[in-house]
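If you want the building blocks of each chain, they are given just below.
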Amino acid sequence: MKRCLIIFDFDGVLADSFKTFYLLIRACMRQIGLSFTSAQYRDLFIGNVHQGFKDFINNEEKYLIFSEFRKANYDKYYYNKNNRVKLFPGVLEFLKKLDKKHILAIASSGKEDNIKNLLKKNRVEKLFSLILADTANSKESMIKEILNKFHAKPEETFFIADTVGDIITAKKCGLKTIAVTWGFHSAKVLKSANPDCMAKNPKEIQKILNQ
């Protein structure tokens, strides 16, 4: 097996966080008088989710209120004892096996401190050579920064994601893509992005990397 760079999206791939973030965003929408379903939330990840919020709200003043409420309540929802974000079952063992043979990195639109805290809590933070997470910068810019950091060739780098938007972005950057079906988007939706491979569980990712 050739040692390669593997870039993970975080939410929906390593972390079980859909319910947490949906409840947060639904509360944000209520602040500006809008209803918002879980299906509508999933659909925003077919494209750029940040632009999706702006288009859905379609009002600059309301978008500002939405953004401020989300920022003020992000940690409250993230660490809520009833719906707190946690790693998916099997992820810890999976990451430990990959770390022995590959370079691991994260590119996420979440908050870096929250991601690092969750990984540290599970004693796997040090398995990642680089963690980039930002609610403002684009996923594309983070991918390029990671590639430059490790002098990696895009065509020899894997990007593992759970949404159509991220798969499209990774393909645009020239990366090999693995779509996982346990996150924000279903297998049927993910197929529309034409990922190089699809995986139903972490073991299937290992099989793909072993090929």
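Before reading on, note that the structure itself is shown above.
A few points on the structure. (Residues numbered from 1 in each chain as written. Predicted model: local features only at pLDDT ≥ 70, side-chain atom pairs only at ≥ 80, totals over all residues. Heavy atoms only, no water.)

1. Digging into the overall build of the protein
The following threshold applies: We count a stretch as a helix when DSSP gives it H or I for four or more residues in a row; a strand needs E for two or more, and each element gets its number in order from the N terminus. Only the C-alpha atoms count toward the radius of gyration. The rule for a globule is 2.2 Å times the residue count to the power 0.38. For every residue, the accessible area obtained with a 1.4 Å probe (protein chains only) is divided by the maximum for its type, and the residue is called buried under 20%, exposed over 50%, and partly exposed between those limits. Note on contacts: a residue pair is in contact if any heavy atoms of the two residues lie within 4.5 Å. Accessibility throughout is a Shrake-Rupley quantity obtained with a 1.4 Å probe, and a residue counts as covered only by protein chains that appear here.
Within the protein one finds 10 helices and 8 strands. Relative to a compact globule of 211 residues, whose C-alpha radius of gyration would be 17 Å, the protein shows 17 Å and is just as compact. Viewed in the frame of its principal axes, the protein has a C-alpha envelope of about 55 × 35 × 30 Å. Burial statistics for the protein: of 211 residues in total, 48% are counted as buried. In the protein, the share of contacts with a sequence separation of at least 24, taken over all contacts with a separation of at least 6, comes to 63%. If you sum the accessible surface of the protein, you get close to 11200 Å²; carbon and sulfur atoms cover 48% of it.

2. Some points on the packing of aromatic side chains
Any aromatic ring pair is given by two values, namely how distant the centres are and how the planes are angled relative to each other. The condition is simple: Side-chain rings of Phe, Tyr and Trp (the six-membered ring for Trp) are treated as a pair once their centres are within 6.5 Å; stacked means planes under 30 degrees apart, edge-to-face means over 60, and tilted covers the remaining angles. Note on geometry: a ring has a charge over it if NZ (lysine) or CZ (arginine) is within 6 Å of the ring centre and within 35 degrees of the ring normal.
Following the criterion strictly, the structure yields 17 aromatic pairs and no others. Aromatic side chains phenylalanine 36 and phenylalanine 56 sit 4.9 Å apart centroid to centroid with 70° between the ring planes, which places their arrangement in the edge-to-face category. Note that phenylalanine 36 is positioned in the loop between helix H1 (18-31) and helix H2 (38-44) and phenylalanine 56 in helix H3 (residues 49-57), a separation of 20 residues in sequence. Taking the centre distance of 5.0 Å and the plane angle of 85° together, the rings of phenylalanine 45 and phenylalanine 184 count as edge-to-face. One end of the pair, phenylalanine 45, is in the loop between H2 and H3; the other, phenylalanine 184, is in the loop between strand S7 (176-180) and helix H9 (187-191), and 139 residues separate them in sequence. For the residue pair phenylalanine 45 and phenylalanine 184, the accessibility class agrees, reading buried in each case. An aromatic cluster is built from Phe18, Tyr22, Phe36, Tyr41, Phe45, Phe56 and Phe184, whose rings are joined through pairwise contacts. Between arginine 42 and the ring centre of phenylalanine 18, over which it is positioned, the NZ or CZ distance is 3.8 Å.

3. Structural notes on helix H10 (residues 202-210)
Note the following rule: To be clear, the arc concerns the directions from the helix axis to the C-beta atoms. Polar contacts, as counted here, are pairs of nitrogen or oxygen atoms within 3.5 Å of one another; within protein the pair requires one atom able to donate a hydrogen and one able to accept it, and residues that are adjacent in sequence qualify only if both atoms are side-chain atoms.
When H10 is considered as a whole, its buried residues turn out to be Pro202, Ile205, Gln206, Ile208 and Leu209. The buried side chains of H10 occupy one side of the element, clustering within an arc of 160° when seen end-on. Away from the buried face of H10 by more than 90 degrees, exposed residues Lys203 and Lys207 are located. Turning to H10, the residues buried within the fold contact strand S1 (5-8), helix H5 (91-99), strand S6 (158-161), S7 and strand S8 (197-199). Its side-chain oxygen placed 3.1 Å from the backbone nitrogen of lysine 203, asparagine 201 serves as the N-cap of H10.

4. Things to note about the packing of H1 against helix H4 (residues 60-78)
To be explicit about the condition: Every angle, taken between N-to-C directions, lies between 0 and 180 degrees, and every axis is a line fitted to C-alpha atoms, over only the stretch in contact when it is a helix. Should the near helix be turned anticlockwise from the far one by less than a right angle, the crossing is left-handed, and should it be turned clockwise, the crossing is right-handed. Gly is put with the polar residues, along with every residue not named as nonpolar or charged; the nonpolar set is Ala, Val, Leu, Ile, Met, Phe, Trp, Tyr, Cys and Pro, and the charged set is Asp, Glu, Lys and Arg.
The geometry of H1 relative to H4 is characterised by a closest axis approach of 9 Å and an angle of 145° between their N-to-C directions. Two packed elements cross with a definite hand, and for H1 against H4 that hand is right-handed. Of the residues in H4, those in contact with Thr20, Phe21, Leu23, Leu24, Ile25, Ala27, Cys28, Met29 and Gln31 of H1 are Phe66, Phe69, Arg70, Asn73, Tyr74, Tyr77 and Tyr78. Within the contact of H1 with H4, the residues separate by chemical class into 12 nonpolar, 3 polar and 1 charged.

5. Some thoughts on the sheet that holds S7
Threshold: Being paired, for any two strands, means DSSP has found at least two bridges between them.
Strand order in the open sheet made by the 6 strands is S5-S4-S1-S6-S7-S8, with parallel pairing throughout. Of all the strands in the sheet, just strand S5 (128-133) and S8 have a single pairing partner and so form its edges. The sheet shows a mean angle of 20° between the axes of neighbouring strands, taken without regard to direction. Bridging between S6 and S7 involves 4 bridges; their strand directions are parallel. The residue bridging phenylalanine 159 from the neighbouring strand is threonine 177, located in S7. Lying over the sheet, helix H6 (residues 112-121) contacts strand S4 (103-108) and S5, oriented at roughly 145° with respect to S5.

6. Some points on the pattern of salt bridges
Defined as follows: Salt-bridge detection follows one rule: a side-chain nitrogen of Lys or Arg within 4 Å of a carboxyl oxygen of Asp or Glu.
A complete count under the given rule lists 8 salt bridges for this structure. As a salt-bridge pair, lysine 139 and aspartate 166 come within 2.8 Å of each other at their nearest N and O atoms. Of this pair, lysine 139 sits in helix H7 (residues 139-149) while aspartate 166 is found in helix H8 (residues 164-172), placing the two residues 27 residues apart along the sequence. The residues lysine 139 and aspartate 166 share a single accessibility class, namely buried. Ionic contacts of the salt-bridge type, sharing partners, join the residues Asp9, Lys139 and Asp166 into one network.

7. As for the packing of H5 against H10
To describe two helices that pack against each other, one gives the angle between their axes and the distance between the axes. Rules: Note that the term roughly parallel is reserved for angles under 35 degrees, roughly antiparallel for angles over 145, roughly perpendicular for angles of 65 to 115, and oblique for everything else.
Two elements in contact, H5 and H10, have axes separated by 10 Å at closest approach and are oriented at 15°. It follows that H5 is roughly parallel to H10 by the angle criterion. In the crossing of H5 with H10, the sense of the turn from one axis to the other is right-handed. For the pair H5 and H10, contact is made by Phe94, Lys97 and Leu98 and by Pro202, Ile205, Gln206 and Leu209, respectively. Partitioned by chemical class, the residues of the contact of H5 with H10 number 5 nonpolar, 1 polar and 1 charged.

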